[in-house]
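One letter stands for each residue in the lines below.
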Amino acid sequence: MQRREFLKLSALSAGALALKGSGPAKALGTPWHAKEVRSVYQICEGCFWRCGIVAHVVGNRVYKVEGYEANPKSRGRLCPRGQGMPQTTYDPDRLKRPLIRVEGTERGEGKYRVATWEEALDHVAKKMLEIREKYGPEAIAFFGHGTGDTWFVDFLPAAWGSPNAAKPSVAICTAPREVASQWVFGRPIGGHEPVDWENSRYIVLIGHHIGEDTHNTQLQDFALALKRGAKVVVVDPRFSTAAAKAHLWLPIKPGTDTALLLAWIHVLIYENLYDKDYVGKYTTGFEELKAHVKDFTPEWAEKHTEIPAETIRQVAREMAAHKPQAVLPPSRHTVWYGDDTYRMMALYYVNVLLGNYGRPGGFYIAQSPYLEKYPTPPLPLEPAAGGCSGPSGGDHEPEGYKPRADKGKFFAKTTAIQELIEPMITGKPYPIRGLIAYGINLFHSIPNVPRTKEALKGLDLYVAIDVLPQEHVMWADVILPEATYLERYDDLVAVAHKTPFLELRTPAHEPLFDTKPGWWIARELGLRLGLEAFFPWKDIEEYLNTRLQSIGFDLETLKGMGTLVQKGKPWLEDWEKEGRLPFGTASGKIELYCEKFKEAGHQPLPVFTPPEEPPEGHYRLLYGRSPVHTFARTQNNWVLMEMDPENEVWIHREEAKKLGLKNGDYVMLVNQDGVKEGPVRVKATERIRKDCVYIVHGFGHKAPLMKVAHGRGASDSYLQTRYKLDPISGGAGLRVNFVKLEKAEKPKLPALTSLAKRPFDERRM
Ligand SMILES: Nc1nc2c(c(=O)[nH]1)N[C@H]1C(S)=C(S)[C@@H](COP(=O)(O)OP(=O)(O)OC[C@H]3O[C@@H](n4cnc5c(=O)[nH]c(N)nc54)[C@H](O)[C@@H]3O)O[C@H]1N2
Ligand SMILES: Nc1nc2c(c(=O)[nH]1)N[C@H]1C(S)=C(S)[C@@H](COP(=O)(O)OP(=O)(O)OC[C@H]3O[C@@H](n4cnc5c(=O)[nH]c(N)nc54)[C@H](O)[C@@H]3O)O[C@H]1N2
Ligand code: SF4
Ligand SMILES: [Mo]
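Conventions we followed
Residues numbered from 1 in each chain as written. Chains lettered and ligands numbered in written order. Predicted model: local features only at pLDDT ≥ 70, side-chain atom pairs only at ≥ 80, totals over all residues. Heavy atoms only, no water. Salt bridge = Lys/Arg side-chain N within 4 Å of Asp/Glu carboxyl O. Helix = DSSP H or I, 4+ residues; strand = E, 2+ residues; numbered from the N terminus. Buried < 20%, exposed > 50% of the residue type's maximum accessible area, 1.4 Å probe, protein only. Pairing = 2+ DSSP bridges. Axes fitted to C-alpha atoms, helices over the stretch in contact; angles between N-to-C directions. Patch = residues over 30% accessible without salt bridge, like charges linked within 9 Å, V, L, I, M, F, W, Y side chains within 5 Å. Areas by Shrake-Rupley, 256 points an atom, 1.4 Å probe, with all protein chains shown as cover. Lys, Arg positive; Asp, Glu negative; His and termini not counted. Charge placed at Lys NZ, Arg CZ, Asp CG, Glu CD. Near = heavy atom within 4 Å. Polar contact = N/O pair within 3.5 Å; in protein donor to acceptor, adjacent residues only side chain to side chain. Core = buried A, V, L, I, M, F, W, Y, C linked by side-chain atoms within 4.5 Å. Contact = heavy atoms within 4.5 Å. Phe/Tyr/Trp six-rings, centres within 6.5 Å; stacked < 30°, edge-to-face > 60°. Nonpolar A, V, L, I, M, F, W, Y, C, P; charged D, E, K, R; others polar.

(A) Region of interest: the pattern of salt bridges. Across all of its chains, the model carries 54 salt bridges by this definition. For Glu271, the salt bridge is made with Arg317, and the minimal N-O distance between the two is 2.8 Å. With Glu271 in the loop between helix 8 (257–270) and helix 9 (276–282) and Arg317 in helix 12 (residues 309–322), the pair connects residues that are 46 residues apart, well separated along the chain. Classification of Glu271 as partly exposed rests on a relative accessible area of 29%. According to the relative accessible area criterion, Arg317 is partly exposed, its value standing at 38%. Across the pair Arg488 and Glu482 runs a salt bridge, and its minimum N-O distance is 3.2 Å. Across this residue pair, the class does not change: Arg488 and Glu482 are buried. The structure contains a network of salt bridges with shared partners spanning Glu45, Glu482, Arg488, Asp490 and Arg505.

Following this line, the structure appears as structure tokens:
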């Protein structure tokens with residue numbers, strides 16, 4: 001490693017790792033930079049782009065992480081979050097030992113005693129078995145997110161026999177785009193959006209705020225496309241970072257994108273601008289679509305979207321002029337207004353009319369790398385949580401097992417995490433009495449927090465497996481502190497991509513304190529639950545090695561290379577050479593009309609429903625990302641907080657003036673149900689429409705033990721007491737909440753610098 005490079009970075013991270021402040025004076029040993037530096041291949045856990053990284057370690061400290069050149073997710077670079085993430089491991093506030101809630105105290109009081117792992121796991125297992133005895137295995141729900149969720153939401157519930165396993169990254173994120181993609185193309189979009197940025201000449205972003213949404217290589221690709229001269233159009237009620245780079249910004253009225261997309265379909269078809277050969281060869285249902293959009297003229301769309309008809313027409317013509325190298329990438333967070341599957345269908349149809357799916361400059365065809373599971377006896381249930389599949393027929397329901405508690409509420413097979421809260425309260429359709437929460441932020445990720453709190457209060461068992469004393473964690477009966485990403489192995493990560501690949505997480509050092517990796521916790525729990533047949537491996541290295549042997553590989557070799565890239569088949573051409581098409585739909589083609597939706601009582605073609613208007617004096621609450629934070633998981637990381645210490649509420653300058661507010665003032669946000677959040681700083685700007693306000697998600701922590709995060713900014717989640725269920729995908733539309741602004745005092749908070757300097761004391765609880 002280059003010493004200069006190392007020092008450059010360590011100037012940032014050595015400070016971050018609180019080297020100087022580690023307690024009372026100690027005799028000076030060998031300086032860290034004179035010791036042996038080890039380097040291991042790791043995977044960043046800063047977000048779910050999951051960049052391959054190299055961690056440089058001295059003793060029990062990672063001093064530097066860098067992007068791994070050979071890894072397709074990072075290509076040698078990291079986003080700022082990835083650079084700052086190691087601080088999580090050395091956060092003085094992190095969870096350090098298993099904790100059991102003090103007997104006689106209520107959930108939410110936050111009174112705990114330290115326990116051994118033995119005692120904590122025995123306690124959890126005993127309670128789980130009692131619940132199963134009384135109500136059946138389905139009465140325990142498993143919620144989780146993160147690289148380790150494979151153990152807790154995929155494997156353990158399937159072995160245990162509960163179909164109630166769910167991730168917020170589905171029903172509160174990707175469900176509409178995945179379900180629509182399954183029905184239109186018979187393929188998923190998947191974790192890595194298969195957009196061929198490299199060859200794209202005309203890019204239309206709907207919402208999708210790349211630049212604030214900083215998925216590493218996606219942002220790199222977007223920047224390179226701009227550099228190559230691709231034209232960019234951004235449709236957003238807010239002048240986002242991407243809009244600032246675009247050739248055209250369309251400040252659409254929130255919630256009316258489907259009208260815009262239908263009008264684009266209209267222009268492409270009725271002005272004969274679409275790719276006729278492509279449509280003829282690869283699609284079914286074109287005539288139905290054509291008839292459907294007959295009246296959806298740009299003039300019709302103008303009334304709803306407030307975008308001039310001429311502009312709508314002009315963009316459609318420009319897209320067509322660049323086809324097939326014109327693309328409308330799907331955004332990721334697609335749960336907006338409750339009719340989101342239709343919006344995503346319409347978005348895919350525009351792409352198809354441009355002839356870009358499976359063609360350079362459009363979408364490539366992503367494939368998963370090949371790898372076998374570790375051999376175990378057949379699991380009683382199929383893992384349910386990742387369920388993003390569209391076709392809803394044939395749910396796998398083996399005899400003796402109940403269907404998921406949200407079944408029948410919507411059309412697709414997707415698990416709707418927010419719909420599993422209700423049975424915890426009402427006992428309907430059957431009781432859910434226990435919850436295992438792994439790496440999910442119950443109060444920041446699931447809408448209607450009061451309801452979630454009510455549900456937690458009534459449970460017989462609530463276990464949190466986490467790394468931080470987040471508010472919801474301090475409600476649990478038993479808190480199991482996981483080792484952080486840098487300290488553990490996880491299962492192999494298999495990424496569907498243009499070049500499918502596998503990546504490995506190797507521990508950089510031993511877990512600090514009395515923390516344990518997720519695989520160990522899951523296995524120890526499994527053994528106590530009588531599930532030993534499903535955990536036949538003795539440790540994780542044996543498990544990983546056996547899986548790798550299924551592709552003629554082994555763990556030692558992968559440890560030395562981190563990422564294993566396979567060959568893909570990205571273009572339609574590649575498939576046609578083999579005499580087949582990649583579409584997994586019933587017809588084997590791209591479907592522009594969905595018979596199955598019709599049979600189920602939905603519309604077979606995308607329809608537009610105008611959104612509800614804000615009540616008098618209220619604004620629609622929009623939300624998004626900060627480039628240096630991830631959800632509500634990074635606000636206790638002072639390295640990142642130094643760059644962005646609080647969120648702001650964006651409001652149009654004229655609206656602010658009307659309310660007597662100026663830049664830098666503080667307000668409370670009060671939602672339609674009277675819930676108050678804040679105080680939060682005002683950003684009066686021309687960069688947003690007058691009918692909405694905007695905040696970054698993830699702030700407004702109410703967890704006193706998270707000393708850096710506590711009390712800074714406002715939470716969008718607490719203001720989302722309402723959501724609108726997408727009846728097809730089960731997605732929870734969150735943009736149906738309204739707020740007004742009330743003047744408030746600037747909060748008095750300790751300076752961040754004073755918090756950053758706290759010692760990292762290994763003895764603290
Ligand atoms: N730095 C960072 N990056 C992240 C994440 C993170 O936490 N931090 N999270 C990652 C994850 S999991 C996800 S899902 C993605 C989310 O990021 P995206 O998928 O890009 O999210 P969107 O919801 O499409 O984008 C939010 C934008 O939508 C705009 N918007 C609001 N309402 C409307 C509307 O009605 N119409 C239109 N056209 N636009 C509207 C908002 O003003 C905002 O600019 O980000 C990913 N990247
Ligand atoms: N209001 C609102 N809700 C949203 C969104 C929004 O924008 N606004 N976004 C939605 C989207 S797109 C998504 S993908 C989801 C994300 O949903 P989550 O993944 O639930 O979001 P986070 O806030 O990152 O919460 C992660 C939790 O895992 C813990 N954690 C971090 N690292 C580890 C680890 O290594 N091990 C363990 N065991 N725990 C760990 C954190 O302390 C935290 O408690 O949220 C969705 N919900
Ligand atoms: S995009 Fe950033 S935070 Fe996400 S995995 Fe990559 S480096 Fe980490
Ligand atoms: Mo997401």
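(B) Inspection of the sheet that holds strand 17 (residues 501–503) at higher detail. Strand order in the open sheet formed by 3 strands is 16-17-18, and the pairing between neighbours is antiparallel. Either end of the sheet is taken by a strand with one partner, and the two such strands are strand 16 (493–495) and strand 18 (563–565). When the angles between neighbouring strand axes are averaged without regard to direction, this sheet yields 15°. Note that strand 17 and strand 18 share 3 bridges and pair antiparallel. Opposite Leu502, over in strand 18, you have Leu564 as the bridge partner.

(C) Seen up close, a negative patch on the surface. On the surface, a cluster of negative charge is made up of Glu287, Glu288, Glu595 and Glu599. Those elements that provide at least two residues to the negative patch are helix 10 (286–292) and helix 21 (595–599). Here Glu288 shows up in helix 10. Take Glu288: its relative accessible area is 38%, and that puts it in the partly exposed class.

(D) View of the site of ligand 2. Taken together, 30 residues sit near ligand 2, with His145, Asp466, Glu482, Asp716 and Gln720 positioned nearest. Between ligand 2 and Asn441, the relevant distance is 2.9 Å, taken from an oxygen atom to a main-chain nitrogen or oxygen of the residue. Here a nitrogen atom of ligand 2 sits 3.1 Å away from a polar atom, N or O, in the side chain of His697. Contributions of two or more residues to the shell around ligand 2 are made by helix 5 (168–185), helix 15 (442–445), strand 14 (461–466) and helix 24 (716–719). With 4 residues, helix 5 is the largest single contributor of residues to the shell around ligand 2.

(E) Quick peek at the nonpolar core. Val204, Trp264, Ile265, Met319, Leu328, Val350 and Ile590 are the most contacted members of the largest nonpolar core, which totals 98 residues. Among residues more than four places away in sequence, those in contact with Ile590 are Val184, Phe185, Tyr278, Tyr282, Thr283, Thr284, Val352 and Phe583. Tyr438, Tyr489, Leu544 and Leu548 belong to the second largest nonpolar core, which has 48 residues in total.

(F) Local environment of the packing of aromatic side chains. On inspection of all chains with the given rule, the structure shows 27 aromatic pairs. Taken together, a centroid distance of 6.1 Å and an interplanar angle of 85° make the contact between Trp300 and Phe608 edge-to-face. One end of the pair, Trp300, is in helix 11 (residues 298–305); the other, Phe608, is in the loop between helix 21 and strand 20 (619–624), and 308 residues separate them in sequence. What makes Phe608 buried here is its relative accessible area of 13%. Between the aromatic rings of Phe411 and Phe597, the centroid separation amounts to 5.7 Å while the plane-to-plane angle is 90°, which identifies the pairing as edge-to-face. Placement of Phe411 in the loop between helix 13 (340–353) and helix 14 (422–426) and of Phe597 in helix 21 is noted, with a sequence separation of 186 residues between them. The pair formed by Phe411 and Phe597 is uniform in burial state, with each residue classed as buried.

(G) Just the environment of Gly146, in detail. Locating Gly146 in the fold gives a position in the loop between strand 6 (140–144) and helix 4 (149–160). In this structure Gly146 comes out as buried when scored by relative accessible area, which is 2%. Taking the C-alpha atoms as reference, Gly146 lies 9.1 Å from Lys167; in sequence the two are 21 residues apart. If near-sequence neighbours (up to four positions away) are discounted, Gly146 is found in contact with Glu45, Phe48 and Arg50.

(H) Seen up close, the sheet that holds strand 7 (residues 165–166). Here 7 strands make up an open sheet; going across it, the order is 5-4-15-14-13-6-7 and the pairing mixed. Edge positions in the open sheet fall to strand 5 (112–114) and strand 7, since each of these has one partner strand only. Across 5 bridges, strand 13 (residues 434–438) lies against strand 14 in parallel orientation. Bridge pairing links Tyr438 to Ile465 in strand 14. Packing against the sheet, helix 4 makes contact with strand 6, strand 7, strand 13 and strand 14, and its axis sits at approximately 160° to strand 6.

(I) Focus on the site of ligand 3. Every residue close to ligand 3 is listed here: Cys44, Gly46, Cys47, Trp49, Arg50, Cys51, Leu78, Cys79, Arg81, Gly82, Thr214 and Asn216. Among the residues forming the shell around ligand 3, the class breakdown is 6 nonpolar, 4 polar and 2 charged.

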